[in-house]
Amino acid sequence: MGCAVPVQSKAKFERTILSSPRLKQLDGHSLLLSNGRASCSLHNLSQDFRKGSLIPLESQEIHRSTQSTKSTLLEASDLRQLRKEDDLQPEVGNVLYYLDENNFKLYFLHVATMEWRCNDLKKAEVVTPLLGRTKMSKVFLNMLHLQSAAFVSTTTMRFIGTNHFDYDTEENCFYKRDQMNNPTIKPLLAFSTNKIYAISGKISDDELSNNFEEYDLQTGIWTTLPNLPGPHFGGSCTFAKTSSSIIVMGGFQSFAPESYNPFISVFDTINKKWSRIPLEELAIRVPKLMMNTQILEYNDGKFLLFGTESRYKYYKLDLKRKKLVAKGNLPITTPNEGVNFQITKDPVSNDFILSVFQEPIRCSQGSEEYGVIYRTRKPYAKWHRSEN
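Residues numbered from 1 in each chain as written. Predicted model: local features only at pLDDT ≥ 70, side-chain atom pairs only at ≥ 80, totals over all residues. Heavy atoms only, no water.

Student: Before we go on, may I ask you to explain the environment of Ile-196 in this structure?
Tutor: Turning to its location among the elements, Ile-196 is positioned in strand E11 (residues 195-199). Taking the relative accessible area as the measure of exposure, Ile-196 reaches 1% and is therefore buried. Placed 38 residues apart in sequence, Ile-196 and Arg-158 show a C-alpha to C-alpha distance of 9.4 Å. Beyond its immediate stretch of four places on either side in the chain, Ile-196 contacts Arg-158, Ile-160, Ala-190, Phe-191, Glu-213, Glu-214, Tyr-215, Leu-217 and Trp-222. (Helix = DSSP H or I, 4+ residues; strand = E, 2+ residues; numbered from the N terminus. Buried < 20%, exposed > 50% of the residue type's maximum accessible area, 1.4 Å probe, protein only. Contact = heavy atoms within 4.5 Å.)

Right, dumping it as C-alpha cells:
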C-alpha cells in the first residue's frame, strides 16, 4: 500500500524527506515513476529506521533552540504556527472521510451539518519551523502513503507514521509536529482526551512492528509504552472511555508466513499493562478479522465490529462476557472491489452513521455528494438511507 521516497544515501535522504529548497528540483525527478510513486522498496526504509536516518533532519528542525524557533515563526508572520498543542482536544466521530491516496484528494462529511467537502492535497501548503510556509511537492505527497490519517476535530487531522503532521482542512495546510520515537509505517491511531496513541505498523515489506507510543497534546512529547504482545498491522483500535482502555484487534501479526492476529489485545492506560483475549474463547466461531476492521464502542464494555471475512456482516462484541454475536448486515449491495466504507457514532444524536464510498469518486449532479449515507438508531435496527 505505502511506498517509500527514493533513498540513495543518507545525505540524499535528509535533503529530500521534508520540504526544502531542493523540492522544486526534485519534482518530476527521474527517480520518481510516472505514476508519482517512489521507485524503491520499503526495505530501504527499515534500514534507515535502524540507522536513525529518518530522524536527523527533523531533529534539526524540531529540537533547535527555543529562541531560534520563535524567531523563525515570527518571521513567517503566520499566527497559526503559534497555536499550542493543548489548544486542541480530540473530538472523534464528527467527520466521515475517505483519503484517495492515488489522486491525493480528501473527501469528508461533517456529521453535524451533513455537508460534503473535497480538498485537493496537491494544492496544499506545508509549514515547518525551519523553513516556514512552502508549497506542496511530489516528495511530500509520496510520503502520505506511509502515514495513517485520522480526524481529531471537525477541522484538523493528524498524519502519523514515518512523520507527524497536523493538517488544517480549512487552510489546506500541513504543520510539522514532532515525530514518534520509533517511526513505523501506517500505525493504528486511537485518541483519548489529551493523548494520541500510535500502535503497531510496518517496518519493511516483510517486517511488522509491535511498537506502542503515546503523544501528549499538552507537552508535544512522544512516550514509548510497553510493546504490543504481537503486531496488529492493518487492524483496528479504539479508546474505550468507560474502562480507560485501548482495544486492538484484527490485522496481520506476520507477513512471512502470512497470518492474522488471533487475539484481542487490551491495554489498561491506568496500570500500563496489556492483556489478551484469544478469539477462540468467544462464544461463536469467529471470522477472520481482516484488514480495515472497524470497531466502535456503544456501551460499557460492548462494541460493534465491522470488516471481517464476512465483509458486510457486523457483530456485537461483549468483552466482559467474552461473547461475540452476529448483529446484522450493512446495506451495501455493490461488489467488494472498489468499495470503501466508514462508520461513526454521531456524538449528538447517538445514531450510527455509515458512509459508503464507491470508486471512482463522482460528484452527484448539482450537489457536492461524494458518498452514500445511511443511519440507524440501534445496532440491530434497519439502516435507512439519509438524504443530504
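Student: What should I look at first to understand the sheet that holds strand E15 (residues 221-224) in this one?
Tutor: Two pairing modes exist for strands in a sheet, parallel and antiparallel, and in both the strands are linked by backbone hydrogen bonds. Ordered in space as E10-E11-E14-E15, the 4 strands form an open sheet in which the pairing is antiparallel. Pairing within the sheet leaves two strands with one partner each, and these edge strands are strand E10 (188-191) and E15. Averaged over all pairs of adjacent strands, the angle between their axes in this sheet comes to 25°, without regard to strand direction. As defined by bridge partners, E11 adjoins strand E14 (residues 212-216) across 5 bridges and the pair is classed as antiparallel. In the strand pairing of E14, Lys-195 is matched with Asp-216. (Pairing = 2+ DSSP bridges. Axes fitted to C-alpha atoms, helices over the stretch in contact; angles between N-to-C directions.)

Student: Sorry if this is basic, but what is going on with the side chain of Asp-216 here?
Tutor: Structurally, the position occupied by Asp-216 is in strand E14. Despite being buried, Asp-216 has no salt bridge partner; Lys-195 is the closest side chain of opposite charge, sitting 4.4 Å away. (Lys, Arg positive; Asp, Glu negative; His and termini not counted. Salt bridge = Lys/Arg side-chain N within 4 Å of Asp/Glu carboxyl O.)

Student: Please clarify how the pattern of salt bridges should be interpreted in this entry.
Tutor: Pairs may arise between side chains of opposite charge once their charged atoms sit close together. Tallied over the full model, the rule gives 12 salt bridges. The shortest N-O distance in the salt bridge between Glu-101 and Lys-186 comes to 2.6 Å. Of this pair, Glu-101 sits in the loop between strand E1 (95-100) and strand E2 (105-110) while Lys-186 sits in the loop between strand E9 (173-176) and E10, and the two are 85 residues apart along the sequence. Lys-186 shares its class with Glu-101; the two are buried. For Arg-158, the salt bridge identified is with Asp-166, shortest N-O distance 3.7 Å. Salt bridges sharing common partners tie together Asp-346, Asp-351, Arg-375 and Arg-377.

Student: Is there a simple way to explain the nonpolar core in this structure?
Tutor: It is characteristic of soluble globular proteins that their nonpolar side chains tend to be buried jointly. Counting residues in hydrophobic clusters, the biggest one holds 31 residues, and the most contacted among them are Leu-106, Leu-121, Leu-144, Met-157, Phe-159 and Phe-174. If you list the elements that add at least two residues to this core, you get E1, E2, helix H6 (138-143), strand E6 (148-151), strand E7 (156-160), strand E8 (164-168), E10 and E11. Not counting residues within four places of it along the chain, the set of residues in contact with Leu-144 comprises Glu-101, Phe-104, Leu-121, Phe-159, Phe-174 and Lys-186. (Core = buried A, V, L, I, M, F, W, Y, C linked by side-chain atoms within 4.5 Å.)

Student: Please explain the environment of Phe-255 as it appears in this structure.
Tutor: Note that Phe-255 resides in strand E18 (residues 252-255). For Phe-255, a relative accessible area of 25% corresponds to the partly exposed category. Remark: the alpha-carbon pair of Phe-255 and Glu-207, spanning 48 residues in sequence, is separated by 7.0 Å. When neighbours within four sequence positions are excluded, Phe-255 is seen to be in contact with Lys-202, Asp-205, Asp-206, Leu-208 and Phe-233.

Student: Teacher, can you tell me more about the pairing of E14 here?
Tutor: It is a general feature of regular strands that their side chains alternate between the two faces of the sheet. Of all 5 residues that make up E14, 5 are buried, and the element is covered over most of its length. Every second residue of E14 is oriented toward a common face, with Phe-212, Glu-214 and Asp-216 on one face and Glu-213 and Tyr-215 on the other, all of them buried. Where E14 and E15 come together, 4 bridges link them in antiparallel fashion. Across the sheet, the residue bridging to Asp-216 is Ile-221, located in E15. Taking the residues that link successive antiparallel strands as the turn, the E14-E15 hairpin has 4 residues, and the phi of Gly-220 there is positive, at about 70°.

Student: Please explain the confidence of the model for the protein as it appears in this structure.
Tutor: Summary statistics for the protein give a mean pLDDT of 75 and a share of 68% for residues scoring 70 or more. Within the model, the stretch residues 1-82 combines pLDDT values under 50 with 151 contacts to residues more than four positions away or in other chains. (pLDDT = per-residue confidence, 0-100.)

Student: Would you mind going over the packing of aromatic side chains with me for this structure?
Tutor: We describe a pair of aromatic rings using the distance from one ring centre to the other and the angle between the two ring planes. Overall, the coordinates contain 21 aromatic pairs when judged by the stated rule. Taken together, the ring pairs in this structure connect Phe-140, Phe-159, Phe-165, Tyr-167 and Phe-174 into an aromatic cluster. The residue whose ring lies beneath Lys-176 is Phe-165, and the NZ or CZ to ring-centre distance is 5.5 Å. Taking the ring centre of Phe-263 as reference, the NZ or CZ of Arg-276 above it sits at 3.8 Å. (Phe/Tyr/Trp six-rings, centres within 6.5 Å; stacked < 30°, edge-to-face > 60°. Lys NZ or Arg CZ within 6 Å of the ring centre and 35° of its normal.)

Student: Quick question: what am I supposed to make of the sheet that holds E8 here?
Tutor: One open sheet accounts for 6 strands, arranged E5-E4-E9-E8-E7-E6; its pairing is mixed. Single-partner strands in this sheet number two, and they are strand E5 (132-135) and E6. On average, each strand axis in the sheet is tilted by 25° relative to the strand beside it, whichever way the strands run.

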